[in-house]
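In case you want the letters, here they are:
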Amino acid sequence: MKLNILISKTSWANSYKTKIKKELKKFSKEIRINDNHKKIKKNTDVNIIFSYFKKIDMKYLNYSKFNIIPHESKLPVGKGMSPLTWQILENKDNVFFSLIEATNFFDAGNIYLQKKVKVPKNIVFDEIKRLQFSVNLYLIKKFLSKLKKNKTIKGIKQKGKSTFYCQRSKKDSLLNISKSIKSQFNLLRVSDPENYPAFFKYKNRTYLVKIFPK
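It should be emphasised that the depicted structure is a prediction, and the values quoted were computed from it without experimental measurement.

Conventions and cut-offs
Residues numbered from 1 in each chain as written. Predicted model: local features only at pLDDT ≥ 70, side-chain atom pairs only at ≥ 80, totals over all residues. Heavy atoms only, no water. Helix = DSSP H or I, 4+ residues; strand = E, 2+ residues; numbered from the N terminus. Buried < 20%, exposed > 50% of the residue type's maximum accessible area, 1.4 Å probe, protein only. Areas by Shrake-Rupley, 256 points an atom, 1.4 Å probe, with all protein chains shown as cover. Lys, Arg positive; Asp, Glu negative; His and termini not counted. Charge placed at Lys NZ, Arg CZ, Asp CG, Glu CD. Core = buried A, V, L, I, M, F, W, Y, C linked by side-chain atoms within 4.5 Å. Contact = heavy atoms within 4.5 Å. Pairing = 2+ DSSP bridges. Axes fitted to C-alpha atoms, helices over the stretch in contact; angles between N-to-C directions. Phe/Tyr/Trp six-rings, centres within 6.5 Å; stacked < 30°, edge-to-face > 60°. Lys NZ or Arg CZ within 6 Å of the ring centre and 35° of its normal. Parallel < 35°, antiparallel > 145°, perpendicular 65-115°, else oblique. Left-handed = near helix turned anticlockwise from the far one by under 90°. Nonpolar A, V, L, I, M, F, W, Y, C, P; charged D, E, K, R; others polar.

Chemist: Would you explain the overall build of the protein chain in this entry?
Modeler: When its secondary structure is counted, the protein chain shows five helices and 10 strands. Overall size of the protein chain, expressed as C-alpha extent along the three principal axes, is 60 × 35 × 30 Å. Buried residues in the protein chain amount to 46% of all 214 residues. Only carbon and sulfur atoms are counted for the fraction: they give 51% of the accessible area of the protein chain, which is about 12,700 Å². If you average the places of the 48 positive and of the 15 negative side-chain charges in the protein chain, the two averages end up 3 Å apart.

Chemist: Help me understand the nonpolar core in this model?
Modeler: Here is a general trend for soluble globular proteins: nonpolar side chains tend to be buried in one another's company. Counting residues in each nonpolar core, the largest one holds 36 residues, and the members touching the most others are Leu24, Val46, Ile48, Phe50, Ile68, Phe143 and Leu144. Elements with a minimum of two residues in this core: β1 (2-7), α1 (17-24), β3 (44-51), β4 (64-71), α3 (83-89), β6 (94-101), β7 (111-118) and α4 (125-148). Here this core gets nine residues from one element, more than from any other, and that element is α4. If we skip the residues at most four places from it in the chain, Leu24 touches Leu3, Ile5, Ile31, Ile48, Leu137, Ile140, Lys141 and Leu144. Formed by 13 residues, the second largest nonpolar core is a distinct cluster that contains Leu6, Tyr60, Tyr63 and Ile69.

Chemist: Explain the sheet that holds β7 to me, please; I cannot follow it from the model alone.
Modeler: Across a sheet, paired strands are connected by hydrogen bonds in the backbone, their directions being either parallel or antiparallel. The six strands lie next to each other as β2-β1-β3-β4-β6-β7, forming an open sheet whose pairing is mixed. This sheet does not close on itself; its edge strands, each paired only once, are β2 (30-34) and β7. Strand-to-strand twist of the sheet, defined as the mean angle between neighbouring strand axes without regard to direction, takes the value 20 degrees. Seen against the sheet, α1 touches β1, β2 and β3 and runs at an angle of roughly 160 degrees to β1. Contacts from α4 reach β1, β3, β4, β6 and β7 within the one sheet, and its direction differs from that of β7 by about 145 degrees.

Chemist: When you look at the packing of aromatic side chains in this model, what are you seeing that I'm missing?
Modeler: For any pair of aromatic rings, geometry is given as the distance between the ring centres together with the angle between the planes. A complete count under the given rule lists 11 aromatic pairs for this structure. Each ring, one from Phe50 and one from Phe133, has its centre 5.9 Å from the other, and the planes form 50 degrees; the classification is tilted. Pair noted here: Phe50 is in strand β3 and Phe133 is in helix α4, with a separation of 83 residues, a long-range link. In terms of burial, Phe50 and Phe133 fall into one category: buried. Through successive ring pairs, a cluster of aromatic residues spans Trp12, Tyr16, Phe50 and Phe133. Across from the ring centre of Phe106, 5.4 Å away, lies the NZ or CZ of Lys55, which sits over that ring. Of note, Lys115 hangs over the ring of Tyr138, and the distance from its end group to the ring centre comes to 5.1 Å.

Chemist: Explanation requested: the packing of α1 against α4 in the structure shown.
Modeler: What describes two packed helices is the angle between their axes and the distance between those same axes. Orientation of α1 relative to α4, taken along the N-to-C sense of each, is 30 degrees, at an axis distance of 11 Å. By the angle between their axes, α1 is roughly parallel relative to α4. As α1 runs across α4, the sense of the crossing is right-handed. Contacts between α1 and α4 involve Lys19, Ile20, Glu23 and Leu24 from the former and Phe133, Leu137, Ile140, Lys141 and Leu144 from the latter. Grouping the constituent residues of the contact of α1 with α4 by class yields six nonpolar, no polar and three charged.

Chemist: Where do I start with the environment of Phe50 in this structure?
Modeler: Overall, Phe50 belongs to the buried group, its relative accessible area being 6%. Along the chain, Phe50 and Lys146 lie 96 residues apart, while their C-alpha atoms are 19 Å from each other. Ignoring anything within four residues of it in the chain, the contact list for Phe50 reads Ile5, Leu6, Ile7, Trp12, Ala13, Ile20, Pro70, Phe133, Asn136 and Ile140.

Chemist: Please explain the pairing of β6 as it appears in this structure.
Modeler: Remark: a regular strand shows side chains that alternate across the two faces of the sheet. Most of β6 sits out of view: six of its eight residues are buried. Sheet analysis places β6 next to β7, joined by seven bridges and oriented antiparallel. Residue pairing in the sheet places Asn94 in a bridge with Lys118 of β7.

Written out as structure tokens, the structure is:
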């Protein structure tokens, strides 16, 4: 089985590259990790779009038998960017993780697998990402296991009204100094302390706020 994995250069998932290869080596002796979909080789069995921020033309999707994407929402609700982060900000602690087929339209493909996961309300960014990685890898391994056993893999068409989350930027980490820490705890814990830390402005200066569990 030939596997390709797409991870953007700026993705949090880059720190998990070694672990991904280690966990998936039992399914394939040929695993490539790329940061550009144009590097996908023809006749790839499964292209895993793990954490990739560019739209992929059908020309390149057609290079693989399957193009699978992990997505952290109960699709078709919650399409778009950073769905896990947005749902934590909505104070949700039960989140559905989905594994879908990539298509020409964002997050619109058939659903292969779904898993409901409880997200603890006291974990912070790195812990959230570890949980996200762990569940997504679980779904990918379950998919590959079925494929390796030559089981029929058929996705289920998405049903219902679609909703979309927009892309987050650094300005989304702005704290309101007039509000309590408690009321903004979810924003503090989802903010990437390295790339887009929480911050506030006071007396013509900007201050960064990073939290870590003791």
